[in-house]
Amino acid sequence: MTQDEMKQEVAQEAIKYIVKDTIIGVGTGSTANFFIDALAPIKNQIKGAVASSVATADRLTSHGIKVYDLNEVDSISVYIDGADESDNDFNLIKGGGGALTREKIVAAVAQKFVCIADESKLVETLGNFDLPVEVIPMAANYVKNEIISRIGGSPKIRENFVTDNGNYILDVHGLQILKPKETERAIDAIVGTVTNGLFANRGADILLLGTNDGVKTLSLKRS
Ligand code: 5RP
């Protein structure tokens, strides 16, 4: 099975987690796009969606799915999104597509976070994938130098890329993230950082993994 076929299968499986007549949150990326396409035929079962990026809002709208501004919404029943890496405790690295800040906001509001990914994304230790950090443009050099001295790794500005929020992304190479919650907080504490791609303090609740033998459902009880 190709990676895209696995992504398509988990996207289809995620439809089972839709809560009828509610507003759901929708992530960004190729796996989330497969989910949006799977959602289209059953769109009348939900009130609509909050999108984690302009690209996702456009795709939802093109399928006739109503997109809500987060400020108009009281609650989000479930958030469905992909990831760049997950460890066995469902701490994630996200932001390969640069949508990490809005993704983190929607995930924070959602009652449940269902992460959909192909099996290549499950790792023992996070950090093989470069960790994205969204920064205010004028602070890019400062945050880069502070990451090197406080966290380690080699941050590099993502070239020719501006986020939906008008900011830059630093991709931090060479990290081995043994304490994801602490590292997430430590990066957020650097002035000029908007957010970072570690989703550990609010990780996924359920991980749907596409494998050659079908979709594996892994779930975690968070305290
Ligand atoms: C975008 C993300 C995506 O969820 C992540 O990059 C995974 O993408 P894909 O589903 O294309 O593999 O965090 O900011």
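The paragraphs below set out a description of the structure included in this document. (Residues numbered from 1 in each chain as written. Predicted model: local features only at pLDDT ≥ 70, side-chain atom pairs only at ≥ 80, totals over all residues. Heavy atoms only, no water.)

1. Quick word on the site of the ligand
Threshold: One heavy atom suffices: a residue is near a molecule or strand as soon as one of its heavy atoms comes within 4 Å of it. In protein, a polar contact requires one atom able to donate a hydrogen and another able to accept it; more generally it is a pair of N or O atoms within 3.5 Å, and residues adjacent in sequence count only if both atoms are side-chain atoms. Note on areas: Shrake-Rupley with a 1.4 Å probe; residue coverage comes only from the protein chains shown. In this analysis the probe radius is 1.4 Å and the grid spacing 1 Å, with only protein atoms considered; a cavity is a set of points the probe fits into but cannot get out of, a pocket is an open set with protein on both sides within 12 Å along at least five of seven lines, and lining residues have an atom within 4 Å of a point. Throughout, a molecule is located in a cavity or pocket provided that more than half of its atoms lie within 2 Å of its grid points. Three classes are used, and their members are as follows: Ala, Val, Leu, Ile, Met, Phe, Trp, Tyr, Cys and Pro are nonpolar, Asp, Glu, Lys and Arg are charged, and the others, Gly among them, are polar.
Taken together, 17 residues are adjacent to the ligand, and S30, T31, D84, G95 and K121 come closest. Interatomic distance of 2.5 Å between a side-chain N/O atom of T31 and an oxygen atom of the ligand. Between the ligand and G98, the relevant distance is 3.5 Å, taken from an oxygen atom to a main-chain nitrogen or oxygen of the residue. In isolation the ligand offers 380 Å² of accessible surface; the protein chains occlude 91% of this area. If you map the ligand onto the pockets, it falls in the second largest pocket. A class-by-class count of the residues in the shell around the ligand yields 2 nonpolar, 9 polar and 6 charged.

2. Some points on the sheet that holds strand β11 (residues 193–196)
The condition is simple: Strand pairing is assigned whenever DSSP identifies at least 2 bridges connecting the two strands. By definition, any uninterrupted DSSP run of H or I lasting at least four residues is a helix, any uninterrupted run of E lasting at least two residues is a strand, and each is numbered from the N terminus. In this analysis an axis means a line fitted to C-alpha atoms, helices contributing only their contacting stretch, and an angle means the value between N-to-C directions, from 0 to 180 degrees. Contacts between residues were defined by any pair of non-hydrogen atoms, one from each residue, lying within 4.5 Å.
In space, the 4 strands of this open sheet follow the order β9-β10-β8-β11, with antiparallel pairing throughout. This sheet does not close on itself; its edge strands, each paired only once, are β9 (154–157) and β11. When the angles between neighbouring strand axes are averaged without regard to direction, this sheet yields 30 degrees. Sheet contacts for helix α4 (residues 100–109): β8 (131–135), β10 (168–173) and β11; angle to β11, the most-contacted strand, approximately 65 degrees. Against the sheet, helix α6 (residues 180–188) contacts β8 and β11, and its axis sits at roughly 165 degrees relative to β11.

3. Quick word on the packing of aromatic side chains
For the record, the criterion: Stacked, tilted and edge-to-face pairs are distinguished by plane angle, under 30 degrees for stacked and over 60 for edge-to-face with tilted covering the rest, among Phe, Tyr and Trp rings (Trp via its six-membered ring) whose centres lie within 6.5 Å. Criterion for a charge above a ring: Arg CZ or Lys NZ at most 6 Å from the ring centre, at most 35 degrees from the ring normal.
Per the stated rule, a full pass over the model turns up 1 aromatic pair. Between Y79 and F113, the ring centres sit 5.1 Å apart and the planes meet at 55 degrees, which makes this aromatic pair tilted. Placement of the pair is Y79 in strand β4 (residues 76–81) and F113 in strand β7 (residues 110–118), with a sequence separation of 34 residues. Sitting over the ring of Y68, K66 keeps its end group 4.7 Å from the ring centre. Looking at K104, its charged tip hangs above the ring of F199, at a distance of 5.2 Å from the centre.

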